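Topology and contacts: notes
Below are the chains, spelled out letter by letter.
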Amino acid sequence: MTSPSSRILGTGRGVPPRVLTNQDLSRMVDTSDEWIVERTGIRERHILDPALAASDLATEAGRHACERAGVSPSEVDCIIVGTVTGDCPFPSTAVFVQKKLGAIAGGCAFDLSAACAGFIYGLALGDNFVRRGQFRRVLVIGVEVLSRIVDWQDRSTCVLFGDGAGAVLLGPESDPKRGVLSTHLFSDGTYTEVLLQQAGGSREPITAEAIAAKRHLVKMNGREVYKHAVRNMAQASKLALEANGLDSQDVNWVLAHQANLRILEGVSERVGIPLDRFYLNVDRYGNTSSASVPTVLDEALERGKIKTGDLLLMTALGGGLAWASAVVRW
Ligand code: UT7
């Protein structure tokens, strides 16, 4: 049965207990707490235990989301995992999560690749599945274990990233003015080279040469990505508000991808929403890619920041380039 809208029934996150501080990093590469804080706003990030994988973190986040919603994982009929650091190239991380959650009830589970925009892309798919009545309970997860693909000798990238997972459980909503009001997705393949992991796929399998040249690790042209991040997240945010007949004053919370505090300041200025209406955790998590937006949402809810009826604006940009926005009435 179709439904006018979809609603977030519960949220959760998975945060590895191990913390890596800027001080710790300054003993590993030529950097300092001052540089990292001033240029990014990051103070520490979480790193996953080497014995665990993305699906472990994702399962933790998914389990919390189901618990908060009061829904048994066995009732989940679709699991969508946005990730670029899944357990292995195939099968999907989502099927590992399905197994670990005990959510095998004749539904489906799959991954999607949209880097830092992966969660909002997943939210868009999940929302459409629910509206169309194809699935009733859709678990959307963003998870990354970026610590496994970061070059720990490259100070320009290794200070930025962290590991984590965030999840939402979606279900039908009968009031079209509540829940997920809109999603907008964009990508531009002109910029495939500005942020990527070159080796490890069919174009260049992992070989001794690839490893020696570190092409199996993250490479980023930070300045270039920065520029696009401010411009495109601001544009996508404005478009999302316009599409709903809303303006910047209507927004209670901006839940944006936490890549860099300065990027968020730029978006705040362009969209005309003061930074104190952006929920921030970049200082404690760093850039967790697709886990960023759902982690922010879960933390803001846990801290009692989001009230019923609040208008939430979500936006993210990452490798692809891929970017997105969503508007949710809580
Ligand atoms: O999640 C996907 C999206 N990703 C992003 O949105 C990231 C976007 N980019 C950024 O956030 C910023 O570009 C960075 C934080 C990556 C870099 O900040 P920046 O202000 O653009 O610095 P920069 O790359 O222009 O480097 C400035 C200087 C350079 O030294 P010189 O050439 O001026 O002597 C770098 O070598 O800072 C140096 N530097 C560092 N110094 C100390 C670069 N990294 C470090 C470091 N510690 N960790």
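So, here's what we can say about the structure. (Residues numbered from 1 in each chain as written. Predicted model: local features only at pLDDT ≥ 70, side-chain atom pairs only at ≥ 80, totals over all residues. Heavy atoms only, no water.)

**A few points about the packing of helix α8 (residues 222–243) against helix α9 (residues 261–271)**
Where α8 meets α9, the axes come as close as 9 Å, and the angle between the chain directions of the two elements is 40 degrees. Regarding the angle of α8 to α9, the classification is oblique. Between α8 and α9 the crossing geometry is right-handed. Mapping the contact onto sequence places Tyr226, Ala229, Val230, Arg231, Met233, Ala234, Ser237, Lys238 and Leu241 in α8 and Arg262, Ile263, Gly266, Val267, Arg270 and Val271 in α9. Of the residues belonging to the contact of α8 with α9, the class tally is nine nonpolar, two polar and four charged. (Axes fitted to C-alpha atoms, helices over the stretch in contact; angles between N-to-C directions. Helix = DSSP H or I, 4+ residues; strand = E, 2+ residues; numbered from the N terminus. Parallel < 35°, antiparallel > 145°, perpendicular 65-115°, else oblique. Left-handed = near helix turned anticlockwise from the far one by under 90°. Contact = heavy atoms within 4.5 Å. Nonpolar A, V, L, I, M, F, W, Y, C, P; charged D, E, K, R; others polar.)

**Some points on the nonpolar core**
By size, the foremost hydrophobic cluster in this structure holds 42 residues, and its most contacted members are Val251, Val254, Ile263, Ile273, Phe278, Leu313 and Leu317. Mapped onto this core, the elements with two or more residues apiece are α8, β11 (253–256), α9, β12 (311–318) and β13 (322–329). At eight residues, the largest contribution of residues to this core is made by α8. With residues near it in sequence (within four places) discarded, leucine 317 still touches Cys116, Val225, His228, Ala229, Asn232, Met233, His257, Ala322 and Trp323. Listed in part, the 34 residues of the second largest apolar core include Leu123, Tyr279, Leu297 and Ala322. (Core = buried A, V, L, I, M, F, W, Y, C linked by side-chain atoms within 4.5 Å. Buried < 20%, exposed > 50% of the residue type's maximum accessible area, 1.4 Å probe, protein only.)

**So, the environment of valine 168**
Looking at where valine 168 falls in the secondary structure, it is placed in strand β7 (residues 163–173). Separated by 104 residues in the primary sequence, valine 168 and histidine 64 have C-alpha atoms spaced 9.0 Å apart. Beyond its immediate chain neighbours, meaning those up to four positions away, valine 168 contacts Ile8, Gly10, Thr11, Ala65, Phe119, Leu123, Val138, Leu139, Val140 and Leu297.

**Details of the pairing of β12**
Across the eight residues of β12, eight count as buried, placing the element largely inside the fold. In terms of strand pairing, β11 meets β12 through four bridges, oriented parallel. Across the sheet, valine 254 pairs through a bridge with leucine 313, a residue of β12. (Pairing = 2+ DSSP bridges.)

**Section: the sheet that holds strand β1 (residues 5–14)**
The sheet built from five strands is open, its strands ordered β1-β7-β6-β4-β5 with mixed pairing. The open sheet has two edge strands with one neighbour each: β1 and β5 (108–112). For this sheet, the mean inter-axis angle between neighbouring strands, taken without regard to orientation, is 20 degrees. For β1 and β7, the ladder comprises nine bridges, and the chain directions are antiparallel. Bridged to glycine 14 within β7 is alanine 165. Where helix α3 (residues 54–69) meets the sheet, its contacts fall on β1, β6 (138–145) and β7, and the angle it forms with β1 comes to roughly 125 degrees.

**Some thoughts on the packing of aromatic side chains**
For the coordinates displayed, the defined rule picks out three aromatic pairs. Taking the centre distance of 5.0 Å and the plane angle of 85 degrees together, the rings of phenylalanine 129 and phenylalanine 135 count as edge-to-face. By relative accessible area, which is 14% here, phenylalanine 135 ends up buried. Centroid distance phenylalanine 186 to tryptophan 323: 5.7 Å. Interplanar angle 20 degrees. Geometry classified as stacked. You can see phenylalanine 186 sitting in strand β8 (residues 179–187) and its partner tryptophan 323 sitting in strand β13, a full 137 residues away along the chain. Residue classification places phenylalanine 186 among the partly exposed positions, given a relative accessible area of 26%. (Phe/Tyr/Trp six-rings, centres within 6.5 Å; stacked < 30°, edge-to-face > 60°.)

Nothing here speaks to function; it is geometry throughout.
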